[in-house]
Amino acid sequence: MNILIIGLSLAAMLFLLSAGLTLIFGMGGIINFAHGSFYMLGAYGGFQVIDSTGSFWLALVLAPLGGAAVGVLVERLALRPVYNREPFVQMLLTFGVILILEEGVRAVWGLDYKDVSAPAVLAAPVHVLGATVSAFRLFLIAFGAAMAALLFLVLEKTPVGTVVRAASADPEMVRALGIDVGLVRTGVFAFGTGLAALAGAVTAPLFPVELGMGFGVIIDCFVVVVIGGLGSIKGAVAASLLLGLVRAGGYGFAPEWVDLLSYCLLIAVLLLRPHGLFGRQRRLA
Amino acid sequence: MRIKRGIVAAAAVLAIVRPSLAAEPAPTSFRIAAIIGLSGPLAVIGADMRRGVEVALDERNRTINGVPIEITWDDSEGKPQVTVQKAASRIAAGANMVFGEIGSPATVALSGLTEQREVPLLVTFAADNALTTPGRLHWTFRTGKNVNSTVGVTAGFAERNHVRKVFGITPDYEAARDSWTLFKTLAATKGIEVVGEEFHQTPARDFSILLDKAMRSGADALYTVSQGNDAITLLKQANEVGLKEKMKLFGPGMVDEIIMRAVGPAGVDVGSTLRYHWSEDFPANKDFVARYKAKYGELPSANAGDAYDGMRWWLRVVADTHSWDKKDWVAAMTGSVITDSVEGRKDMGACDHQARQIALAGVGVEQTAPDLPKYGMKITDILQPGQIYRPCP
Amino acid sequence: MPDLLSLEAVDAFYGKAQVLRGVSIRVAPGEAIALVGRNGAGKTTALRVMAGLLAPGAGRLMVDGQDASRMPAHQVSRLGVNYVPDTRRIFPDLTVDENLRVATVAHRHARRSGAWSLARVLDLFPRLAERRRTPGDSLSGGEQQMLAIARGLMTAPRLLLLDEPTEGLAPRVVDDLMSAMAAIRAEGLALVIVEQKLKVPMALASRQYVMEDGRIAWTGTTDAMAANRAALDELLGV
């Protein structure tokens, strides 16, 4: 039971982390290596908001807005000029963004670790079906599920979502229909980076808040995105659940083999479905 | 074999030439090559070590026997390869000594280089026993504390806190496993029962399942060798489920000022060894703390104090030789004694180049004094060198 | 009457390769013209320049008497010029309904004047009305072509640029499409029809441009073309 609940909480975190990455990839084919840096930025931003106002909830609003604002700058200044260049140019640029963001965070907040605690309402442990888990983790599960549902609704049921899906498939055709694809790309990139920042802020009470925190998570993000299928939100949900539960099971039975288990899962999925659970061949072409 | 023959040959040459070199000419500067992690996860440690060393240099007006001290700071990135590469080029450029690194793997690699090039290496942070195995390294000195001593302190801590049953969480690498094994041995002699153990990969992303096992194990204490980011993750997640209310939480180097800043209330009452603490009651420490505060506007961390004390000791020994021959320095440092270190008396073991010194146990605390950070460390026990170190034969 | 759209001595390039050489074409409001010629003559490129998808290297694209040569494609579309590509380019993940709705997003204002409502477009293509919830990539070729034209109509255009609307389709479907296009024309919409075969151009267009090797090789009314068929067949490769 405990493994299930903790697995779900891991899945929720993995989903929050990887959703932005997969959205951005789906849109412009951009592999945003700086995703982890936006996650870090969100955690530091969240720390700042909590430090200044004392409100974790306000941090959950402001940190993603900050992440999105930086995302707009990055997309406009760095990525826009190179959309038509070879993919490696974009990758190199996102690497450059990592260095800039890290230096920026270091200049503003210094080298020290920052302390972010869960809000008092969620600080107590609770007992669910014989398992002791924190209220904060239950909140994370609900929050992750709500974000997944919200993303789904927006993408599937709103005009904005329709435009994003259309532009992911054929940006030029969307342009020919009168839509400013540049604006859509900026919007999606900013939304993706905002999501990364949100993930950073919401999980900060569970992890060290430090300059290197983005590196660890970016690997997890890529594992989820590749298992789920590049560009697929549905895939990100499924892969997060799969990986979260496998990891929780791993921690339960063989904690020193958890990473190996994760990569075995990745390899198994790629062998059976080379384009991921919900990937399409077309996207990789 | 070839190396051995080379050494013999060199010694023979030296024996002949030596008298004429009795007074080696003074160099234009005394060059210290400091190679430590200044970026990445170790940066927060490296930055403090650098500050501590700078204070030690300032104290000598940055000269030694009339010669200016020149220090270079290179970023090891925490990687053994980079450490060795950067140190090698500094040595080639005429460094008189090397200071560094932080992590054990990089420091062990670095000691291999300095032994080969016959340049003194001063270690303050890395705790790996391999650095001070008796008779193994000639040019390497550790003024900081080693694994055996820190494990000894934690075992003592367990005893004084009436721990009866302990659960262990250990990162899955050799030095950490050795440390845990050593603790188990010591615990057995004190009648402490080990009721469970788990090993995790590092970096670890989640501890909640392991913590749950610990809480169900019936143990009254959780012992963990996890360090740095792993320790922070573990403490934050232990706090999530209220583990501290049910079990004592402790481990060697589990918390220090840096980690307390990262975890806040989650670190309160957690037991740990301390490398150094600004409150230690020795005259030299009061001086150092005042100078450090004047320069940087805050109290020295454990890493800053540790680095300061080592560098101060070493420079004093070098100055007292009035020689510019590295061999004389090494000879003088071997078995040297400092009576007025920031932690009182320290004896450099002649057999292993490991400093015998007091050891500290402490807990994380919330601090209310206006000039202190909100969370920090408090010393609970001071162990004398005789309680932890075996004397050199 | 001023031209709705015109190309004035346009050169166009793909990288270094020149594809159009001094091409001039004009379309009056409500007029249907056709661009015919062999494969590779530059017809599709001319359409792409008209749609703003490819900037002319020399010469000008004029819309309503204003220079639109450097205008991004989405702005050209907002001026009422809509491009229906030969490969149809239906959004595969989107249902028929969504494919139609996505076209309206940038044209809310123009649509208020009310030319083509969803209901009217579906009346025009009853096959689509039956398949509104079907994803784009599950449609037949004919249905995709209908959807491409229907999607164009949803942008409330004044000019439709139709690139090979009947290519590769069964004769019965071609007939359906032709009657739909005739109905669109009857509404007063201007059309530029690109075809290799002459059946559609002869039936729907009033003027013809024959392209060869990136140039306009012949231009005249449809009646004049019918009279000159013997001379033009060589150019057209029929």
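Residues numbered from 1 in each chain as written. Chains lettered and ligands numbered in written order. Predicted model: local features only at pLDDT ≥ 70, side-chain atom pairs only at ≥ 80, totals over all residues.

### Some thoughts on the confidence of the model for chain B
Residues and elements named next belong to chain B. Of all residues in chain B, 94% have pLDDT values of 70 or greater, and the mean over the chain is 90. Here residues 10–22 is modelled with pLDDT under 50, and outside its nearest four sequence neighbours on either side it reaches zero contacts, counting other chains as well. Scoring the predicted complex yields pTM 0.87 and, for the interface, ipTM 0.91. (pLDDT = per-residue confidence, 0-100. Contact = placed C-beta atoms within 7 Å.)

### Let's talk about the interface of chain A and chain C
How big an interface is tends to be stated in terms of accessible area lost as the parts join. With 15 residues of chain A in contact, the opposing surface of chain C contributes 20 residues. Of all the secondary-structure elements, those providing two or more residues to the side of chain A that touches chain C are helix H6 (159–169) and helix H7 (171–176) of chain A. By residue number, the principal contributor to the side of chain A that touches chain C is H6(A), which donates six residues. When its residues are assigned to classes, the side of chain A that touches chain C shows eight nonpolar, two polar and five charged. (Helix = DSSP H or I, 4+ residues; strand = E, 2+ residues; numbered from the N terminus. Nonpolar A, V, L, I, M, F, W, Y, C, P; charged D, E, K, R; others polar.)

### Digging into the packing of helix H3 (residues 80–92) of chain B against helix H4 (residues 104–117) of chain B
Residues and elements named next belong to chain B. At a closest axis distance of 8 Å, the pairing of H3 and H4 adopts a crossing angle of 30°. In terms of axis orientation, H3 runs roughly parallel to H4. Both H3 and H4 take part in a crossing whose hand is right-handed. Contacts between H3 and H4 involve Pro80, Thr83, Val84, Ala87, Ala88 and Ile91 from the former and Pro105, Ala106, Ala109, Leu110, Leu113 and Arg117 from the latter. Partitioning the contact of H3 with H4 into residue classes produces ten nonpolar, one polar and one charged. (Axes fitted to C-alpha atoms, helices over the stretch in contact; angles between N-to-C directions. Parallel < 35°, antiparallel > 145°, perpendicular 65-115°, else oblique. Left-handed = near helix turned anticlockwise from the far one by under 90°.)

### A short note on the pairing of strand S15 (residues 359–366) of chain B
Residues and elements named next belong to chain B. The buried fraction of S15 amounts to six of the eight residues, a majority that puts the element mostly inside the structure. Judged from the four bridges that link them, strand S11 (residues 271–274) and S15 form a sheet pairing that is antiparallel. Counterpart to Gly271 in the pairing with S15 is Val363. Inspection of the sheet shows S15 paired to strand S16 (residues 375–383) by eight bridges, in the antiparallel sense. Each bridged residue has a counterpart across the sheet, and for Ala359 the counterpart in S16 is Leu383. (Buried ≥ 20, exposed ≤ 12 C-beta atoms within 10 Å, placed from the backbone. Pairing = 2+ DSSP bridges.)

### A few points about the sheet that holds strand S7 (residues 159–163) of chain C
Backbone-to-backbone hydrogen bonds join strands into a sheet, with any given pair of strands oriented parallel or antiparallel. All names here are of chain C. In space, the six strands of this open sheet follow the order S6-S7-S8-S3-S9-S10, with mixed pairing throughout. Both outer strands of the open sheet, strand S6 (81–84) and strand S10 (215–221), are each paired with one neighbouring strand and no more. Across the sheet, the axes of successive neighbouring strands diverge by a mean angle of 15°, strand direction being ignored. Bridge count for S6 against S7 is four bridges, and the pairing is parallel. Within the sheet, the bridge partner assigned to Tyr83 lies in S7 and is Leu161. Those strands touched by helix H1 (residues 43–50) are strand S3 (32–37), S6, S7, strand S8 (190–195) and strand S9 (207–212), and its axis lies near 150° from that of S8. Across the sheet, helix H11 (residues 229–236) is in contact with S3, S9 and S10; its angle to S9 comes to roughly 45°.

### Structural notes on the environment of Ala170(C)
Residues and elements named next belong to chain C. As for its position among the elements, Ala170 is in the loop between S7 and helix H8 (171–186). Its 12 C-beta neighbours within 10 Å are what place Ala170 among the exposed residues. Sequence separation of Ala170 and Ala73 is 97 residues, and the distance between their C-alpha atoms is 32 Å.

### Brief notes about the sheet that holds strand S14 (residues 355–356) of chain B
All names here are of chain B. Taken together, three strands build an open sheet; the order of strands is S12-S13-S14 and the sheet is antiparallel. Unpaired on one side and paired on the other, strand S12 (337–341) and S14 mark the two borders of the sheet. As judged from the two bridges shared by strand S13 (residues 344–348) and S14, these two strands associate in the antiparallel manner. When the bridges of S14 are listed, Asp347 appears paired with Arg356.

### What to know about helix H2 (residues 43–59) of chain B
Residue and element names in this part refer to chain B. Here H2 spans 24 Å end to end across 17 residues, near enough to the 24 Å set by a 1.5 Å rise per residue. Residues of H2 that are buried: Ala43, Val44, Ile45, Gly46, Asp48, Met49, Gly52, Val53, Glu54, Val55 and Ala56. Tucked into the core, H2 has its buried residues touching strand S1 (30–36), strand S4 (97–100), helix H10 (257–263), helix H11 (283–296) and helix H12 (302–321). After H2 finishes, the residue Asn61 shows a positive phi value of roughly 55°. (Expected span 1.5 Å × (residues − 1).)

### Notes on helix H9 (residues 213–228) of chain A
Residues and elements named next belong to chain A. In this model H9 runs 23 Å from its N-terminal to its C-terminal C-alpha over 16 residues, within 8% of the 22 Å that 1.5 Å per residue would give. Judged by how many residues are buried, H9 sits mostly within the fold: twelve of 16 residues are covered. Listed in full, the buried residues belonging to H9 are Met213, Gly214, Val217, Ile218, Asp220, Cys221, Val223, Val224, Val225, Val226, Ile227 and Gly228. Contact partners of the buried residues in H9: helix H1 (2–28), helix H2 (35–53), helix H10 (233–253) and helix H11 (258–272). Among the residues trailing H9, Gly229 stands out with phi positive, at a value near 110°.

### Quick word on the interface of chain A and chain B
The interface is formed by 32 residues belonging to chain A together with 31 residues belonging to chain B. Listed by contribution, the elements that provide at least two residues to the side of chain A that touches chain B are H1, strand S2 (131–134), helix H5 (135–157), H10 and H11 of chain A. Take the side of chain A that touches chain B: its biggest share by element is four residues, from H1(A). Residues that form the side of chain A that touches chain B fall into these classes: 19 nonpolar, seven polar and six charged.

### Quick notes on the domain arrangement of chain B
All names here are of chain B. Taken domain by domain, chain B holds domain 1 (26–145 + 282–357) and domain 2 (148–274 + 360–388). Summarising the inter-unit geometry, the C-alpha centres of domain 1 and domain 2 are found 28 Å apart. Taken together, the contact between domain 1 and domain 2 spans eleven residues of the former and eleven residues of the latter. Here the residues of the side of domain 1 that touches domain 2 are counted per class, giving four nonpolar, four polar and three charged. (Domains from an automatic or database assignment.)

### Comments concerning the environment of Ile388(B)
Residue and element names in this part refer to chain B. Within the secondary structure layout, Ile388 lies in helix H14 (residues 385–388). We classify Ile388 as buried; it has 21 C-beta atoms within 10 Å. Spatially, the C-alpha atoms of Ile388 and Val153 are 7.6 Å apart, while their sequence positions differ by 235 residues. Beyond its immediate sequence surroundings of up to four residues, Ile388 is in contact with Ser149, Gly152, Val153, Ala359 and Leu383.

### Remarks on unusual backbone geometry
Residues and elements named next belong to chain B. In this structure, the amide linkage connecting Thr202 to the following residue, Pro203, adopts the cis form with an omega of 0°. Looking at where Pro203 falls in the secondary structure, it is placed in the loop between strand S8 (193–200) and helix H7 (208–216). At Asn61, a residue that is not glycine, the phi angle is positive and equals roughly 55°. Position of Asn61 relative to the elements: it lies in the loop between H2 and strand S2 (63–64). Of note, the phi angle at Arg62 is positive, near 55°, even though the residue is not glycine. Tracing the backbone shows Arg62 in the loop between H2 and S2. On the neighbour-count criterion, Arg62 (14 C-beta atoms within 10 Å) is partly exposed.

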